[in-house]
Amino acid sequence: MRFRVGGYELWVLALFTFSVLGCGGGGSSSSAEKPEPPPVTTPSPEPEPAPVPEPSPEPDCTSVDCVDEPAVGQSALFGVNWVPGDAITNPHDASKTSALQDYSYAGFAYGESALPEATAEYVISVINDGSADVSGDIQKVLDQAVSVGGGVLYLPEGLYRLDKPLAITGSDIVLRGAGPGKTRLWFKDGGGTSNAHRENFTMTGGQPLQYQRQTDWRMTTAAAINDTSVTLSSAQGLSVGDDIVIAWTITADFKAEHNSAAYWSHVANGELKPFFRRTITSISGNRITFKIPVRYPVKLRDNPEVQKALHYGERNGLEALSITNAVGVENAWRGFDKSTLIALRFCKNCWVKQVASYDQTGSGYELRSHGIAVDQSVNVTISDTRMANAEHLGGNGNGYLYQISASNEVLIKNSEAINGRHNFSFSWDFGASGNVFLRVKSEGGRVCSSYTKQLRNDCSEGGADFHHALSMANLYDSAVINDSLRVGNRLTASSGAGQTGTMNVFWNIRGRGNLYAYNHGAGYVIGTSASVSVSTDLALNDYPERLLAIGTEEEDYTELLGQAEILSPQSLYEAQLARRR
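Below is a short write-up of the structure. Predicted model, so just to flag it, every value in this text is computed and none were measured. (Residues numbered from 1 in each chain as written. Predicted model: local features only at pLDDT ≥ 70, side-chain atom pairs only at ≥ 80, totals over all residues. Heavy atoms only, no water.)

## Here's the deal with the overall build of the chain
Line of reasoning, step 1. Scanning the chain for helices and strands turns up 7 helices and 45 strands.
Line of reasoning, step 2. Considering the chain as a whole, with its 581 residues, one finds that 59% of them fall into the buried category.
Line of reasoning, step 3. For the chain, the accessible area works out to roughly 21,300 Å², and carbon and sulfur atoms hold 50% of it. (Helix = DSSP H or I, 4+ residues; strand = E, 2+ residues; numbered from the N terminus. Buried < 20%, exposed > 50% of the residue type's maximum accessible area, 1.4 Å probe, protein only. Areas by Shrake-Rupley, 256 points an atom, 1.4 Å probe, with all protein chains shown as cover.)

## A closer look at the pattern of salt bridges
Line of reasoning, step 1. Counting across every chain of the model gives 32 salt bridges.
Line of reasoning, step 2. Put simply, Glu305 and Arg218 hold a salt bridge, and the shortest N to O gap is 3.7 Å. Of this pair, Glu305 sits in strand E18 (residues 305–310) while Arg218 sits in the loop between strand E13 (210–212) and strand E14 (229–231), and the two are 87 residues apart along the sequence.
Line of reasoning, step 3. Judged by its relative accessible area of 35%, Arg218 falls in the partly exposed class.
Line of reasoning, step 4. Residue Arg345 is joined to Asp375 by a salt bridge in which the shortest nitrogen-to-oxygen separation is 3.0 Å. Separated by 30 residues along the polypeptide, Arg345 in strand E21 (residues 340–345) and Asp375 in strand E24 (residues 370–375) bring together distant segments of the chain. (Salt bridge = Lys/Arg side-chain N within 4 Å of Asp/Glu carboxyl O.)

## A closer look at the side chain of Ser322
Line of reasoning, step 1. One can find Ser322 in strand E20 (residues 317–324).
Line of reasoning, step 2. We classify Ser322 as buried; its relative accessible area is 4%.
Line of reasoning, step 3. A polar contact is formed between the side chain of Ser322 and the backbone nitrogen of Gly181, at a distance of 2.7 Å.
Line of reasoning, step 4. In contact with Ser322, other than residues within four places in its own chain, are Pro180, Gly181, Thr183, Arg184, Leu185, Ala356 and Tyr358. (Polar contact = N/O pair within 3.5 Å; in protein donor to acceptor, adjacent residues only side chain to side chain. Contact = heavy atoms within 4.5 Å.)

## Concerning the layout of surface pockets
Line of reasoning, step 1. In this model, the second largest pocket occupies a volume close to 520 Å³.
Line of reasoning, step 2. Every residue lining the second largest pocket is counted, 28 residues in all, and those nearest its centre are Ile225, Tyr296, Pro297, Met503 and Ala522.
Line of reasoning, step 3. Each residue belonging to the lining of the second largest pocket can be placed in one class, and the counts come to 12 nonpolar, 9 polar and 7 charged. (1 Å grid on protein atoms, 1.4 Å probe; cavity = no way out; pocket = protein on both sides within 12 Å on 5 of 7 lines; lining within 4 Å. Points joined across faces, edges and corners; volume = space filled by probe spheres on them. Nonpolar A, V, L, I, M, F, W, Y, C, P; charged D, E, K, R; others polar.)

## Details of the nonpolar core
Line of reasoning, step 1. Within the largest apolar cluster, 62 residues are counted, with the highest numbers of intra-cluster contacts made by Leu344, Tyr476 and Phe506.
Line of reasoning, step 2. Not counting residues within four places of it along the chain, the set of residues in contact with Tyr476 comprises Phe424, Phe426, Phe437, Val440, Ala464, Phe466, Leu485, Val505, Phe506, Trp507 and Ile509.
Line of reasoning, step 3. In this structure, Trp264, Phe290, Val294 and Leu411 belong to the second largest nonpolar core, which totals 52 residues. (Core = buried A, V, L, I, M, F, W, Y, C linked by side-chain atoms within 4.5 Å.)

## As for the state of the cysteines
Line of reasoning, step 1. Scanning all chains against the criterion turns up 1 disulfide.
Line of reasoning, step 2. Between the sulfur atoms of Cys448 and its disulfide partner Cys459 the distance amounts to 2.1 Å. Taking the torsion about the sulfur-sulfur bond, which here is approximately 100°, the covalent link between Cys448 and Cys459 counts as right-handed. In this pair, Cys448 sits in the loop between strand E33 (446–447) and helix H4 (451–456) while Cys459 sits in the loop between H4 and strand E34 (460–461), placing the two residues 11 residues apart along the sequence. (Disulfide = S-S within 2.5 Å.)

## Focus on the packing of aromatic side chains
Line of reasoning, step 1. One pass over the full model with this rule turns up 22 aromatic pairs.
Line of reasoning, step 2. With centroids separated by 5.5 Å and ring planes inclined at 85°, the aromatic side chains of Phe108 and Trp351 adopt a geometry described as edge-to-face. With Phe108 in the loop between strand E4 (97–98) and strand E5 (122–123) and Trp351 in strand E23 (residues 351–357), this residue pair connects regions lying 243 residues apart in the sequence.
Line of reasoning, step 3. Classification of Phe108 as buried rests on a relative accessible area of 11%.
Line of reasoning, step 4. Sitting above the plane of the Tyr103 ring, Arg295 keeps its charged end 5.4 Å from the centroid.
Line of reasoning, step 5. Between the NZ or CZ atom of Arg580 and the centre of the ring of Tyr105, over which it lies, the distance is 3.9 Å. (Phe/Tyr/Trp six-rings, centres within 6.5 Å; stacked < 30°, edge-to-face > 60°. Lys NZ or Arg CZ within 6 Å of the ring centre and 35° of its normal.)

## Topic: the pairing of strand E35 (residues 463–466)
Line of reasoning, step 1. Note: strand E30 (residues 422–426) against E35, 3 bridges, orientation parallel. The residue bridging Phe426 from the neighbouring strand is Phe466, located in E35. (Pairing = 2+ DSSP bridges.)

## Thoughts on empty space enclosed by the protein
Line of reasoning, step 1. Evaluation of the coordinates by the stated rule reveals 2 cavities of 30 Å³ or more.
Line of reasoning, step 2. In this structure, the largest cavity occupies an estimated 60 Å³ of space.
Line of reasoning, step 3. Taken together, Tyr110, Asp243, Ile244, Arg277, Arg278, Thr279, Ile292, Tyr312, Lys348, Val378 and Asn379 make up the full set of residues lining the largest cavity.
Line of reasoning, step 4. When contributions to the lining of the largest cavity are tallied by element, the ones reaching two or more residues are strand E15 (243–250) and strand E16 (271–284).
Line of reasoning, step 5. Counting residues per element, the lining of the largest cavity draws most heavily on E16, which supplies 3 residues.

## Quick notes on the pairing of E30
Line of reasoning, step 1. Among the 5 residues of E30, 5 are classified as buried, and the element is accordingly described as predominantly covered.
Line of reasoning, step 2. In the sheet, strand E27 (residues 400–405) pairs with E30 via 4 bridges, with the strands oriented parallel. Pairing of Gln403 across the sheet is with Ser425, part of E30.

## A look at unusual backbone geometry
Line of reasoning, step 1. Cis geometry is found at the peptide bond from Trp428 to Asp429, where omega equals 25°.
Line of reasoning, step 2. Summarising the element assignment, Asp429 is placed in the loop between E30 and strand E31 (436–438).
Line of reasoning, step 3. Here the bond from Ser568 into Pro569 is cis, since omega is 5°, no more than 30 degrees from zero.
Line of reasoning, step 4. Looking at the secondary structure, you find Pro569 in the loop between strand E45 (557–559) and helix H7 (572–580).
Line of reasoning, step 5. Within the chain, Asn457 stands out as a residue other than glycine whose phi angle is a positive 60°.
Line of reasoning, step 6. With respect to the element layout, Asn457 can be found in the loop between H4 and E34.

## Considering the sheet that holds E16
Line of reasoning, step 1. Ordered in space as E13-E18-E15-E16-E17-E14, the 6 strands form an open sheet in which the pairing is antiparallel. Since the sheet does not close on itself, it has two edges, and those belong to E13 and E14, each with one partner. The mean inter-strand angle of the sheet, taken between neighbouring strand axes irrespective of direction, is 45°. (Axes fitted to C-alpha atoms, helices over the stretch in contact; angles between N-to-C directions.)

## Re H7
Line of reasoning, step 1. Leu572, Tyr573, Ala575, Gln576 and Leu577 are the residues of H7 that are buried.
Line of reasoning, step 2. Considering only its buried residues, H7 is in contact with strand E28 (411–413), E31, strand E37 (475–477) and strand E41 (505–509).
Line of reasoning, step 3. Of the residues flanking the start of H7, the one acting as N-cap is Ser571, its side-chain oxygen 3.1 Å from the backbone nitrogen of Glu574.

## Points about the environment of Gly523
Line of reasoning, step 1. By secondary structure assignment, the location of Gly523 is in the loop between strand E42 (514–517) and strand E43 (524–528).
Line of reasoning, step 2. Expressed as a C-alpha distance, the spacing of Gly523 and Val487, which sit 36 residues apart in the sequence, is 9.6 Å.
Line of reasoning, step 3. With residues up to four places along the chain from it excluded, the contact list for Gly523 reads Met503, Asn504, Asp556 and Tyr557.

## Examining the side chain of Lys308
Line of reasoning, step 1. Among the structural elements, Lys308 can be located in strand E18.
Line of reasoning, step 2. At 3.0 Å, the side chain of Lys308 and the backbone oxygen of Gly237 are in polar contact.
Line of reasoning, step 3. In this view, Lys308 contacts Gln210, Tyr211, Gln212, Trp217, Gly237, Leu238, Asp242, Asp243 and Ile244; residues no more than four positions away in its chain are not counted.

The following block contains the structure:
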């Protein structure tokens, strides 16, 4: 296996290929009359990995440049005494440092509490043999739950035909089934969605999220990575417990700093964008404090300010069921773009768990275009889910099985994305940071330029990607990548994607795919299996490296390539969470 790093090519025998999840994607035969997705190849059982050596004690040193020799399998960036802010000299530029942030705040309740397991209070009794539309009946119960302040609603085993979309539009509401494969939500013929309303199942607040501004809430000092407070002109009008965003304007200098002045055409100079979603924990004079640290330098040059974020939907959940909105490949391509099966918009401390797409008609396809999309949300958990076999793998924003947009501290764990265009993706717009993909699997990603080419399987490699507009300080952890995972400069693609990521970390990446790590500025690849091909070299003239690398200097930090089996700890997120607890 080839590692392409720093101008050298290292060929390593692929000894191990690991699969974290045992689930396979759906697959079947294909024909012109009834096109099917390509079969998902399930790797044969692999040999057990060699035992992980016990790490030797690390010296107790706390200086910024404490670079004592790490124990076997231990990253120089994450010693046994690691605390946020620990750093070493950057191997590519001695004037800079390399450091890992604390990603353990991702997920429901900052990762500190398990998802709620409240007993169901209401049983929804409607026709459940698929013979009649029951969307109105179920929506009525959901609305009643909103009116009484929430509740856990149980859908027994059965097939529920839905001719219209469903929505949770409040807080503290859980819709729970009897389990995947037992409770099945069938959005027949697309479930009444259209270009004006593309989402089949939505979780959101009672009204659209609002960002409230006040002139005095402008920041008066810059903020650095790991800061947990900012100083304003005045904190009057703000209170402990308020949800806020830290926002700044996209200035010409900000674009130039990220080598994207020629690419970020989708945003005008001076346009205000929210970046960090936080909750105020204390106020002292004009200084406000919050729990989740700042993920990226905030500069006064860009006119930063704090805004209130109003009307999140909170503590809503979707659990234990199967769901589909497939309409047939030809209909999916001829219809509207960006159809979304499950959308979490303006959510805080919400979750989706034990939910899977499924094939209702025997076509081999399970969803129309998008699977689960999270937008302008914070501390969401997506756990033990599977999205597979999208019908539309074409352009114009289709085939994203898991998508995070302008959201912070989202945790997607123990989940599979099979046969999408972009299986896991950070997409439109600025403001994605602190998100974690833990023990996820990406397989069968395909980018198809036309309906005909999709039928012929004449498509290029897809997979997981950083798709748009500078996602900051996110973590892929213990992931299996059997297609590709890429971050870098996408130039003018997708209406001006430009630099798509900075300070992102790839930790313990396994599988048989390709990892293209071209973060703008700092980026980190720590621990990969020998069967993963890694590209970080800025001078490569291959495709897609020569494009992804444009303007991304310096080269991403690499360590323990081909040695994932001895990496310690195996999960950075879980190790950091254990330390913080």
